[in-house]
Amino acid sequence: MNYLSSQRGVGLIEVMVAVLLLSVAVLGFSALQVRAVSATDESLVRTKSLTLVRNLAEVMRAYPDAYVTGSGATLTTATPATMGAMPLVQAVASIPSLESSASGDYTVSIDGLAITIGGTNNCLSTGTQTVDSKVVPLQPCNINQLAARDILLVKQIAREEDIELAVVRCPSDLGQDTIQQQMCVIMAWNDTEAVLDDTDENACANSNGVYKNGSQCLISEAY
């Protein structure tokens, strides 16, 4: 009888230990699931960023002579040799904040014309003209204005995906006196900023292009 009395509660202790072990296992599995979801989201954002980088690279190749001068969202066509001129892709893509039109599209002024994606001055041909006895599509925009429209489209897509976009001259290319500049396309998300800066803790990389610890961004070289 005394032996049976000393065994009371042992079964409950065994159940509690089993529940404890099960809880630890479940917590570990939950943490693994959270990490897996985070990695999947990171991979998805990187895939979207790579697509945007390719689009911008194609714009660079399509408009190699598109250079402008100016500041902010007001720019003027210039030749590559003009003092202070910069590639149009860099000038438009790197504007920190662009005003939006009534439709919510970005807008930028090129040679006095406010270019938008879905507004009136969207550079899309809606008519025809006769050139050398041939009927051809009407060209409402010059080559730089058309390039700006393509860049705004990429920037608009980036905004919709919560990706910050900027184009800067690559650190390795600085000091090189060449017309065909090596550009670095920066895509950043979450709290990371699309800049190369030594002092900014939230910058994607330092001034030499080296990624900072904990930054969530992508840097790709393009010409």
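1. Digging into the sheet that holds strand β9 (residues 183-189)
In any sheet, the strands associate via hydrogen bonds between backbone groups, in a parallel or an antiparallel arrangement. With antiparallel pairing, the 3 strands of this open sheet are ordered in space as β8-β9-β12. Because the sheet does not close on itself, it has two edges, and the strands there are β8 (163-169) and β12 (217-222). Averaged over all neighbouring strand pairs, the angle between strand axes comes to 20°, with direction disregarded. Where β8 meets β9, 7 bridges bridge the pair, whose relative direction is antiparallel. Each bridged residue has a counterpart across the sheet, and for E164 the counterpart in β9 is A188.

2. Let's talk about the nonpolar core
Among the nonpolar cores identified, the biggest contains 38 residues, and L56, L88 and M187 are the most heavily contacted of them. For this core, the elements supplying multiple residues, two or more each, are α2 (10-62), α3 (88-93), β4 (107-110), α4 (143-160), β8, β9 and β12. Here L56 is in contact with V89, I151, V154, L165, V167, V185 and M187, once residues within four sequence places are set aside. Ranked by size, the runner-up nonpolar core spans 6 residues in total, among them A166, A194, C204 and C217.

3. Focus on the packing of aromatic side chains
Considering all chains together, one arrives at 0 aromatic pairs under this definition. R159 extends its terminal NZ or CZ atom over the ring of Y106, reaching a point 4.3 Å from the ring centre.

4. Notes on the state of the cysteines
With the rule as written, the count across this model stands at 2 disulfides. C170 shares a disulfide with C184; S-S distance 2.1 Å. Across the S-S bond of C170 and C184 the torsion is about 115°, and the bridge reads as right-handed. With C170 in the loop between β8 and β9 and C184 in strand β9, this residue pair connects regions lying 14 residues apart in the sequence.

About the cut-offs
Residues numbered from 1 in each chain as written. Predicted model: local features only at pLDDT ≥ 70, side-chain atom pairs only at ≥ 80, totals over all residues. Heavy atoms only, no water. Pairing = 2+ DSSP bridges. Helix = DSSP H or I, 4+ residues; strand = E, 2+ residues; numbered from the N terminus. Axes fitted to C-alpha atoms, helices over the stretch in contact; angles between N-to-C directions. Core = buried A, V, L, I, M, F, W, Y, C linked by side-chain atoms within 4.5 Å. Buried < 20%, exposed > 50% of the residue type's maximum accessible area, 1.4 Å probe, protein only. Contact = heavy atoms within 4.5 Å. Phe/Tyr/Trp six-rings, centres within 6.5 Å; stacked < 30°, edge-to-face > 60°. Lys NZ or Arg CZ within 6 Å of the ring centre and 35° of its normal. Disulfide = S-S within 2.5 Å.

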